[in-house]
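# Structural characterization, general
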Amino acid sequence: ESFSSNYIKIGGSNYENLTPNLDEFAEDAVYFPNYRSSAPGTHESMISSFCGIYSMVGPEYIRYNPEYTRGLNCLFEILRKFNYQQFFYVGHHLGYSGLNQFFNRSSVKIIDSGYFERNHPQWLTKGHEWGIQDTDLAKFLVETLPKEISIERPYFLGSFFINTHGPFFTAEDCERYGNDNDAHLNAIHCVDQAFGIFWKGLLKTGLLDNTVIMVLGDT
């Protein structure tokens, strides 16, 4: 969220060691410098990416008009035909944007802040005004997914890291970016650490074998 490619080395970043985990990941990845999500904002960009349309309406419209995307043949419908398990995990609440309806109609299992309120309230107390910290979400994914995903079936997993969204949140367990007190740079550095927890943790489980990993920024 609110993360553009020019924060990472391959995208032309001038900040030394700002995103070491993403830089390491990019060394063996295919980099698309001209990828664009044709949408005016964050949650509309998800519909744009998953359904291939330009979403000209905002979160409030989507929330109160659940029929808006129901007739579309989106990625989830295509994967469901091929018997994919499908999951979407976020640390904040999807209800305000209407995206919970969007995912539910496609039989995607959603974990958002409502789940953490019931099962891990301690993460919310050290979270931020929107939900839990990205590092806690990453640790949850590494711990939970090996028990959740059946290796007998293909799977789709989406996860949404939000700490980089202004006003910029930095988890207590994140190393700060040098001596810099810039909230934006520290948030970027922190979400890179969360990505590292997720990526390197799941590599050890074998769940990423024979799997395509896509890292997208929405700006």
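See the structure above.
Attention in this report is confined to the structure presented alongside it.

Conventions adopted
Residues numbered from 1 in each chain as written. Predicted model: local features only at pLDDT ≥ 70, side-chain atom pairs only at ≥ 80, totals over all residues. Heavy atoms only, no water. Helix = DSSP H or I, 4+ residues; strand = E, 2+ residues; numbered from the N terminus. Rg over C-alpha atoms; globule rule 2.2 N^0.38 Å. Contact = heavy atoms within 4.5 Å. Areas by Shrake-Rupley, 256 points an atom, 1.4 Å probe, with all protein chains shown as cover. Lys, Arg positive; Asp, Glu negative; His and termini not counted. Charge placed at Lys NZ, Arg CZ, Asp CG, Glu CD. Core = buried A, V, L, I, M, F, W, Y, C linked by side-chain atoms within 4.5 Å. Buried < 20%, exposed > 50% of the residue type's maximum accessible area, 1.4 Å probe, protein only. Patch = residues over 30% accessible without salt bridge, like charges linked within 9 Å, V, L, I, M, F, W, Y side chains within 5 Å. Salt bridge = Lys/Arg side-chain N within 4 Å of Asp/Glu carboxyl O. Axes fitted to C-alpha atoms, helices over the stretch in contact; angles between N-to-C directions. Parallel < 35°, antiparallel > 145°, perpendicular 65-115°, else oblique. Nonpolar A, V, L, I, M, F, W, Y, C, P; charged D, E, K, R; others polar.

## A closer look at the overall build of the protein chain
From N to C terminus, the protein chain includes 9 helices and 3 strands. The order of helices and strands in the protein chain, counted from the N terminus, is α-α-α-α-β-α-β-α-α-α-β-α. The C-alpha atoms of the protein chain give 17 Å as radius of gyration, which agrees with the globular expectation for 219 residues (17 Å, within 12%). At a minimum sequence separation of 6, the contacts of the protein chain that also span at least 24 residues come to 61%. Approximately 11700 Å² of the protein chain is accessible, and the part contributed by carbon and sulfur atoms is 51%. For the protein chain, the separation between the mean place of its 16 positive charges and that of its 26 negative charges on side chains is 8 Å.

## Re the nonpolar core
Of all hydrophobic cores here, the largest spans 31 residues; its most connected members are Tyr89, Phe161 and Phe198. Breaking this core down by element, the ones donating at least two residues are α1 (20-27), β1 (85-90), α8 (134-148) and α9 (183-205). Considering every element that reaches this core, the biggest residue donor is α9, with 8 residues. Ignoring sequence-local partners within four residues, the contact set of Tyr89 consists of Ile111, Leu137, Phe140, Leu141, Leu145, Glu148, Leu157, Gly158, Ser159 and Phe160.

## Some details on a nonpolar patch on the surface
The grouping of Val30, Phe32, Tyr35, Val212, Met214 and Leu216 at the surface amounts to a nonpolar patch, some 730 Å² of accessible area in total. Locating Phe32 in the fold gives a position in the loop between α1 and α2 (42-51).

## Some details on the packing of α8 against α9
One way to put it is that α8 packs onto α9 with a least axis distance of 8 Å and a crossing angle of 10 degrees. Put simply, α8 runs roughly parallel to α9. In this structure, α8 contributes Asp134, Thr135, Ala138, Lys139, Leu141, Val142, Leu145 and Pro146 to the contact, and α9 contributes Cys190, Val191, Ala194, Ile197, Phe198, Gly201, Leu202 and Thr205. In the contact of α8 with α9, the residues fall into 11 nonpolar, 3 polar and 2 charged.

Scope: geometric values only; no functional claims are made or implied.
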